[in-house]
Amino acid sequence: MDAALSVIPAAVLRNLSDKLYEKRKNAALEVEGIVKQLAAAGDHDKITSVINLLTTEFTFSPQANHRKGGLIGLAAATVGLTSEASQHLEQIVPPVLNSFADQDSRVRYYACEALYNIAKVVRGDFIVFFNQIFDALCKLSADSDANVQSAAHLLDRLVKDIVTESDQFSIEEFIPLLRERMNVLNPYVRQFLVGWITVLDSVPDIDMLGFLPDFLDGLFNMLSDSSHEIRQQADSALSEFLQEIKNSPSVDYGRMAEILVQRAASPDEFTRLTAITWIYEFVKLGGDQLVPYYADILGAILPCISDKEEKIRVVARETNEELRAIQAVPAEGFDVGAILSIARRQLSSEWESTRVEALHWISTLLNRHRAEVLNFLNDIFDTLLKALSDPSDEVVLLVLEVHACIAKDPQHFRHLVVFLVHNFRDDNSLLEKRGALIIRRLCVLLDAERVYRELSTILEGEDDLDFASIMVQALNLILLTSSELAGLRSLLKQSLVNPSGRDLFVSLYASWCHSPMAIISLCLLAQTYQHASSVIQSLVEEDINVKFLVQLDKLVRLLETPIFAYLRLQCGVEPVAYTHSSCVLTLGLDLVLLSKLLEPGRYIWLLKALYGLLMLLPQQSAAFKILRTRLKTVPPSSFSGEQMKRTSSGNPYSQILHQSQVIEDGDVNHDANVHNGINFASRLQQFEHMQCQHRMRSKSSQAHYRINSTSYSSSKEVQRPEEAGQRPVPVSETNKTASRSSRRGPGQLQV
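Residues numbered from 1 in each chain as written. Predicted model: local features only at pLDDT ≥ 70, side-chain atom pairs only at ≥ 80, totals over all residues. Heavy atoms only, no water.

Moving on, we get to the overall build of the protein chain. Across its full length, the protein chain holds 39 helices and six strands. When the 751 residues of the protein chain are sorted by exposure, 51% land in the buried category. Here the analysis covers contacts within the protein chain between residues at least 6 apart in sequence; of these, 71% occur between residues at least 24 apart. A total accessible area of about 34500 Å² is found for the protein chain, and carbon and sulfur atoms account for 49% of it. (Helix = DSSP H or I, 4+ residues; strand = E, 2+ residues; numbered from the N terminus. Buried < 20%, exposed > 50% of the residue type's maximum accessible area, 1.4 Å probe, protein only. Contact = heavy atoms within 4.5 Å. Areas by Shrake-Rupley, 256 points an atom, 1.4 Å probe, with all protein chains shown as cover.)

This part takes up the packing of helix α11 (residues 187-202) against helix α13 (residues 228-247). Axis separation between α11 and α13 bottoms out at 10 Å; the angle between their running directions is 25°. In this view, α11 runs roughly parallel relative to α13, as classed from their interaxial angle. Considering how the two elements wind past one another, α11 and α13 form a crossing that is left-handed. In this structure, α11 contributes Pro-187, Arg-190, Gln-191, Val-194, Ile-197, Thr-198 and Asp-201 to the contact, and α13 contributes Glu-229, Ile-230, Gln-233, Ala-234, Ala-237, Glu-240, Phe-241 and Glu-244. Tallied by class, the residues present in the contact of α11 with α13 amount to seven nonpolar, three polar and five charged. (Axes fitted to C-alpha atoms, helices over the stretch in contact; angles between N-to-C directions. Parallel < 35°, antiparallel > 145°, perpendicular 65-115°, else oblique. Left-handed = near helix turned anticlockwise from the far one by under 90°. Nonpolar A, V, L, I, M, F, W, Y, C, P; charged D, E, K, R; others polar.)

Relative orientation of the contacting elements helix α25 (residues 448-460) and helix α26 (residues 465-481) amounts to 160°, with a least axis distance of 11 Å. Taken as axis vectors, α25 and α26 run roughly antiparallel relative to one another. The two elements α25 and α26 cross, and the hand of that crossing is left-handed. For the pair α25 and α26, the contacting residues are Tyr-452, Leu-455 and Leu-459 in the first and Phe-467, Ala-468, Met-471, Val-472, Leu-475, Ile-478 and Leu-479 in the second. Of the residues belonging to the contact of α25 with α26, the class tally is ten nonpolar, no polar and no charged.

Once that is clear, we can look at unusual backbone geometry. One non-glycine residue with positive phi stands out, namely Thr-82, at about 50°. With respect to the helices and strands, Thr-82 occurs in the loop between α5 (64-81) and α6 (89-99). According to the relative accessible area criterion, Thr-82 is partly exposed, its value standing at 43%. Non-glycine residue Arg-123 carries a positive phi angle of around 50°. Take Arg-123: its relative accessible area is 29%, and that puts it in the partly exposed class.

Take Ser-363: it is sitting in helix α19 (residues 352-368). Note on Ser-363: relative accessible area 22%, which makes it partly exposed. In sequence terms Ser-363 and Cys-405 are 42 residues apart; their C-alpha atoms lie 7.7 Å from each other.

With 14 residues, helix α28 (residues 499-512) extends 20 Å from end C-alpha to end C-alpha; this agrees with the ideal 20 Å at 1.5 Å per step. Every buried residue of α28 is listed here: Gly-501, Leu-504, Phe-505, Ser-507, Leu-508, Tyr-509, Ala-510, Ser-511 and Trp-512. The backbone nitrogen of Ser-500 has a side-chain oxygen 2.8 Å away, supplied by the residue at the start of α28, namely Asn-498. (Expected span 1.5 Å × (residues − 1). Polar contact = N/O pair within 3.5 Å; in protein donor to acceptor, adjacent residues only side chain to side chain.)

Below, the discussion takes up the pattern of salt bridges. Between side chains of opposite charge, pairing is possible as soon as their charged atoms come close. Applying the stated criterion to the full structure yields 30 salt bridges. Across the salt bridge formed by Arg-453 and Glu-449, the nearest N and O atoms sit 3.0 Å from each other. In this pair, Arg-453 and Glu-449 are both assigned in helix α25, four residues apart and thus about one turn of the helix distant. Looking at Arg-453, the relative accessible area reads 26%, which means it is partly exposed. When its relative accessible area of 23% is taken as the criterion, Glu-449 is described as partly exposed. (Salt bridge = Lys/Arg side-chain N within 4 Å of Asp/Glu carboxyl O.)

Within this structure, the stated rule accounts for 21 aromatic pairs. The interplanar angle of 75° and the centroid separation of 5.8 Å between the aromatic rings of Phe-220 and Trp-278 together place this pair among those described as edge-to-face. With Phe-220 in helix α12 (residues 212-222) and Trp-278 in helix α15 (residues 269-286), the pair connects residues that are 58 residues apart, well separated along the chain. For the pair Phe-220 and Trp-278, a shared accessibility class is recorded, and that class is buried. Positioned above the aromatic ring of Tyr-109 is the side chain of Arg-106, whose terminal nitrogen or guanidinium carbon lies 4.8 Å from the ring centre. It is Arg-450 that lies over the ring of Phe-413; its NZ or CZ is 3.8 Å from the centre. (Phe/Tyr/Trp six-rings, centres within 6.5 Å; stacked < 30°, edge-to-face > 60°. Lys NZ or Arg CZ within 6 Å of the ring centre and 35° of its normal.)

Below, the discussion takes up the state of the cysteines. Considering all chains together, one arrives at zero disulfides under this definition. Not part of a disulfide, Cys-513 finds its nearest cysteine sulfur in Cys-523, a span of 8.8 Å. In this structure Cys-513 comes out as buried when scored by relative accessible area, which is 0%. (Disulfide = S-S within 2.5 Å.)

A few words on the nonpolar core. By size, the foremost hydrophobic cluster in this structure holds 237 residues, and its most contacted members are Met-208, Phe-215, Leu-219, Trp-278, Tyr-452, Trp-512 and Ile-520. In terms of residue count, helix α34 (residues 604-616) provides more of this core than any other element does, eleven residues in total. Once residues lying within four places of it in the same chain are set aside, the contact partners of Phe-215 are Ile-175, Leu-178, Met-182, Ile-197, Met-208 and Phe-241. (Core = buried A, V, L, I, M, F, W, Y, C linked by side-chain atoms within 4.5 Å.)

Before going further, it helps to examine the layout of surface pockets. There is about 520 Å³ of room inside the second largest pocket. Lining the second largest pocket are 23 residues, and of these Ile-470, Gln-473, Ala-474, Leu-477 and Lys-554 lie nearest its centre. Contributing elements (two or more residues each) for the lining of the second largest pocket: α24 (428-446), α26, α29 (516-526) and α31 (546-558). (1 Å grid on protein atoms, 1.4 Å probe; cavity = no way out; pocket = protein on both sides within 12 Å on 5 of 7 lines; lining within 4 Å. Points joined across faces, edges and corners; volume = space filled by probe spheres on them.)

A word on the confidence of the model for the protein chain. Put simply, the protein chain has an average pLDDT of 82, and 82% of its residues get 70 or more. Overall, residues 711-751 carries pLDDT values under 50, and its contacts beyond four positions in sequence, including any with other chains, amount to 45 contacts. (pLDDT = per-residue confidence, 0-100.)

The next point concerns the environment of Ser-224. Note on placement: Ser-224 falls in the loop between α12 and α13. Considering only alpha carbons, one finds Ser-224 and Asp-268, 44 residues apart in sequence, at a separation of 6.1 Å. Leaving out residues up to four positions away in the same chain, Ser-224 has contacts with Arg-231, Asp-268 and Thr-271. Within polar-contact distance, the side chain of Ser-224 engages the backbone oxygen of Asn-221 at 3.1 Å.

Summarising the element assignment, Ile-342 is placed in helix α18 (residues 336-346). Judged by relative accessible area, which is 8%, Ile-342 ranks as buried.

So, on to the side chain of Glu-357. Looking at the secondary structure, you find Glu-357 in helix α19. Assessed through its relative accessible area of 7%, Glu-357 is described here as buried. Residues contacting Glu-357, with those up to four places away along its chain left out, are Leu-302, Ile-305, Arg-317, Asn-320, Glu-321 and Arg-324.

With that settled, the discussion passes to α24. The principal kink in α24, of about 70°, is found at Arg-434. All of the buried residues in α24 are Leu-430, Leu-431, Arg-434, Gly-435, Ile-438, Ile-439, Leu-442, Cys-443 and Leu-446. On its buried face, α24 is in contact with α22 (393-406), α23 (410-426), α25 and α26. Immediately beyond the C-terminal end of α24, within one or two residues, lies Asp-447, with a positive phi of roughly 85°. (Bend = angle between axes of the 7 residues up to and from the residue.)

Below, the structure is given as structure tokens:
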């Protein structure tokens, strides 16, 4: 200290702490000259004493003017040292850096000025303090004083120039410092950081791309900044890095993929678009590196496919197609279970497009890695079943394709049908709204006969008789009306002559017994008219209620559709034009039907069955009028006295003719109870037994209801006679109607 005082006059020290800048400046020039002389003389001990004096007595002084003088004095001493300043930087720079945090803004300003002058002198030797200087500049960039910000900006530019020229800069030491500050929200700091990233990336000898994962998330975070300038700078930096990635042979895709996946779910549209664009390029460039990250990438892509922004949707779809086109295998780290988990989760998305693509992925995995997918079947099966209730037809159809692919194996096929029936039972709306679509599509994908046989087997043992009846009615309607089941109908028409048709008829019969109208429809379709007549006659025990009549009405109207054209022609009816749903279908005669018209009397059992249906209908109903009008067109030649005698017996299977027996299709056989291996007597007993179970179940339900509503029992007893009188068609009245109709004219039979 004494050595310093001996070389620096007291007046210089006094002016160095003066409040006037000009006096401090002149004093600094005096210090510069003194240090320069000492340096020339090689007296570094006195130089050290001067620097210590400036530091302790001035820069650490509680007086602001002293601190200002100390800063300008240190800068002047550095200028005086010139090339020898590097050996005194450890004394000079730290006090200046400490002044950056001074409470007085003017002191902070002079600290920037002093460090600027010091840096100009020492240049590359300055790099050893880079991290401390960078930290100080980062803080000063957001200083509350505009003059300080301006001074810091000038210093920042000089430091950048020095760094780009230096070969001593350590990027490894700098990156942790940068990473810590990347999530700062201050806009000035963000501009400062992006500026440094851009500058360092422009230096050929500095590999910023290798450290991109360390600050990539911060750059993406800046894309949603409220300042347009910051967003633009961040986007520009990211675009430059993406271009470098395309041209670089070695890139760490994995770490960056994790960041991009998170940013793809950002609430900011621009951030999502940039992230999904990067993912698209990564999928094309990443190759094997990205295989372990496919599930995460898929989880980011699928929601973006339904994004409200069209650009994002387009890029997401392209990315999805690129990803699905890659033929990865589990041996390379491809996680089938993880992909399935993502697809299953996205099946619950509120957006249809996302659900559709999730199903496409499941289908793709089934085709490529069937064995692995089936190992996870229990994890996704329930979700796939729930998807059958999706409001979108496209989703339902795709789900069915997935189910069909799974059901190629017999055990999975049975599993599918059992669960499908279970879902129909638990969710009546599913059967009502989607039942036809689901069954028809499965019949196309899995073979209609196989589907119907399995459904029939399950429904045959169904404990819930009401559900079984509803389900059979639905299946029957689909069978009779769907174009997809035309082959099945053709096979059933050959039940009396074809073993395959016979087996199918017998298979369906067991469950079709749950519904009288369904079994009658099946018999008419299979042309087992004599048995149909027997079934109709057995309905004398049936409780003819509203549900029964509704089903009967549907059956009569079905008889007027093109499906039963052959049946109407077998009655000897001329071709008619059929109008339905604003479409007119003109029905013509083919050669087979034309040959049948030549012998209308052979189908006397068909006529008897139709008249049986007519007798069950209320006379004022539309179905009665439709069927009666149709039967009036039957030519009188269809009946003969001998044929009437043959069909007069109440039990068609007990008719013993002198030489032969008339059977279902008009051919002759010695035993009408059995034809083509079908025991019709046994089938009739099976039907009657099932209907008996339904009646017992109905009575049990009614009794249970009465017990639970005893408070209203007396009023119900009074109303019961009236209700009985309001029943649509009592059995006794049906018989009376039959008696009356039998006297109306030729061509009508008494049942």
